[in-house]
Amino acid sequence: MTTSVGFDLDMTLADTRAGIAAVYDELSVRLGVAFDSAAIVERLGPPLETELANWLTPGEVPAAADLYREIYPEIGVPVHTTMAGAHEAIEAVREAGGRVIVVTGKNVRDARGTVEALGLAVDEVVGSVFGSAKGTALARFGAAAYVGDHVADIEAARAGGAVSVTVATGPYTVGELREHGADVALSDLTEFTTWYAGWRKHDELR
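Below you will find a few notes about this structure. Note that residues are indexed from 1 along each chain, following the sequence as it is written. In view of the model being predicted, local features appear only for residues whose pLDDT reaches at least 70, and side-chain atom pairs are presented and counted only at 80 or more, with totals across whole chains, interfaces and linings using the full set of residues. Excluded from the side-chain calculations are hydrogens and water; all other atoms, namely the structure's heavy atoms, are used.

**Things to note about the environment of His180**
And step 1. Strands are runs of DSSP state E lasting at least 2 residues, helices are runs of H or I lasting at least 4, and numbering of each runs from the N terminus. Along the chain, His180 falls in the loop between α9 (174-179) and β8 (184-186).
And step 2. Exposure categories follow from relative accessible area, calculated using a 1.4 Å probe and restricted to protein chains: below 20% of the type maximum is buried, above 50% is exposed, and the middle band is partly exposed. Classification of His180 by relative accessible area gives partly exposed; the value is 46%.
And step 3. Sequence spacing of His180 and Ile40 is 140 residues, and the spatial spacing of their C-alpha atoms is 22 Å.
And step 4. In what follows, residue pairs with any heavy atoms lying within 4.5 Å of each other are defined as contacts. Look past the residues within four positions of His180 in its chain and what remains in contact with it is Val151 and Ile154.

Spelled out as structure tokens, the structure:
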């Protein structure tokens, strides 16, 4: 068994709600569009353009996405915080001899900026992928498990041949994540180290 693990970023390793809300609030001012940032951050997961399409015409989305990404490093990244248990989860994998990859829908620049700002000791960052499209990166990296907060992260794990580990720190409850087919559903990342130790021990005994 390989001990390497993949993690989603937003609302799995990083609490990005305040930063993303701040960027949307700034967009509201610059574009004159009444984005409901509070509602938006309650459903994080899908690509930026998908969310923008809820508020703008198709022709307006590309320029708005460009502006969002332009201001994100200055407005969003500085107010991101680490999810409880994130550092400990990464350390558990590394202590077991595994490697850690972050695979996220966030673009690579802002994903790396977030990882660096929060001091997350990961080996690789892959961005701008969502759902099953994450599978290629997970398989190439050799991730035995993928941890995320969205039902699309269950699809990602399946596509990458990894165990689907979910945390109920995003838009879904533990029960909903189980109903959507997660192999493991945790309340949050503080439960990961215990699960990971037991999972590795179980595999060693098979």
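**Re the pattern of salt bridges**
And step 1. Salt bridges are counted wherever a side-chain nitrogen of Lys or Arg sits within 4 Å of a carboxyl oxygen of Asp or Glu. What the rule picks out here adds up to eleven salt bridges.
And step 2. The shortest N-O distance in the salt bridge between Glu124 and Arg140 comes to 2.7 Å. Of this pair, Glu124 sits in strand β5 (residues 124-126) while Arg140 sits in helix α7 (residues 135-141), and the two are 16 residues apart along the sequence.
And step 3. A salt bridge links Lys134 to Asp153; the shortest N-O distance between them is 2.9 Å. In this pair, Lys134 is assigned in the loop between β5 and α7 and Asp153 in helix α8 (residues 151-159), connecting sequence segments 19 residues apart.
And step 4. In this structure Asp153 comes out as buried when scored by relative accessible area, which is 3%.
And step 5. What you see here is one network of salt bridges that share partners, running through Asp8, Lys134 and Asp153.

**What about helix α6 (residues 108-118)?**
And step 1. Every buried residue of α6 is accounted for by Asp110, Ala111, Thr114, Val115 and Leu118. Seen from one end, α6 has its buried residues packed into an arc of 140 degrees, which puts them on one side. Exposed positions of α6 whose direction lies more than 90 degrees from the buried face are Glu116 and Ala117.
And step 2. For α6, the secondary structure elements touched by its buried residues are β2 (14-15), α4 (61-75), β3 (81-82), α5 (86-95), β4 (100-103) and β5.
And step 3. Put simply, Asn107 is the residue that caps the front of α6, since its side-chain oxygen is 3.2 Å from the backbone nitrogen of Arg109.
And step 4. Downstream of α6 by one or two residues, Gly119 has phi in the positive range, about 65 degrees. The arc in question is formed by the directions pointing from the helix axis toward the C-beta atoms. Here a polar contact means two N or O atoms within 3.5 Å. Within protein one must be a hydrogen donor candidate and the other an acceptor candidate, and residues neighboring in sequence count only if both atoms are side-chain atoms.

**Observations regarding the sheet that holds strand β6 (residues 145-148)**
And step 1. The strand order β5-β4-β1-β6-β7-β8 describes an open sheet built from six strands, whose pairing is parallel. If you trace the sheet from one side to the other, it starts and ends with β5 and β8, each paired once. Pairs of neighbouring strands in the sheet enclose a mean axial angle of 20 degrees, with direction left out of account.
And step 2. Pairing between strands requires that DSSP locate at least two bridges from one strand to the other. As paired strands, β6 and strand β7 (residues 163-167) are joined by four bridges and run parallel to one another. If you follow Ala145 over to β7, its bridge partner there is Val163.
And step 3. α8 rests against β6 and β7 of the sheet, and its axis sits at about 160 degrees to β7. Working convention: axes come from line fits to C-alpha atoms, limited for helices to the stretch in contact. Angles between N-to-C directions cover 0 to 180 degrees.

**A word on the packing of aromatic side chains**
And step 1. Classification of ring pairs uses Phe, Tyr and Trp, with its six-membered ring standing for Trp, and accepts pairs whose centres are within 6.5 Å; under 30 degrees between planes counts as stacked, over 60 as edge-to-face, and the remaining range as tilted. On inspection of all chains with the given rule, the structure shows ten aromatic pairs.
And step 2. Linked through ring pairs, Phe7, Phe192, Trp195, Tyr196 and Trp199 together constitute an aromatic cluster.

**Quick word on the layout of surface pockets**
And step 1. Roughly 440 Å³ of volume is contained in the largest pocket.
And step 2. With a 1 Å grid spanning the protein atoms alone, the term cavity applies to any set of points in which a 1.4 Å probe fits but cannot get out, the term pocket to an open set with protein on both sides within 12 Å along at least five of seven lines, and the term lining residue to any residue with an atom within 4 Å of a point. For the largest pocket, the lining is made up of 29 residues, of which Asp10, Gly45, Pro46, Pro47 and Leu48 are closest to its centre.
And step 3. Looking at the lining of the largest pocket, the elements with two or more residues in it are α1 (17-31), α3 (48-52) and α4.
And step 4. Gly counts as polar in this scheme, as do all residues outside two lists: the nonpolar Ala, Val, Leu, Ile, Met, Phe, Trp, Tyr, Cys and Pro, and the charged Asp, Glu, Lys and Arg. Residues that form the lining of the largest pocket fall into these classes: twelve nonpolar, six polar and eleven charged. Grid points are joined across faces, edges and corners, and a volume is the space filled by probe spheres set on the points.

By themselves, these observations are geometric and do not establish any function.
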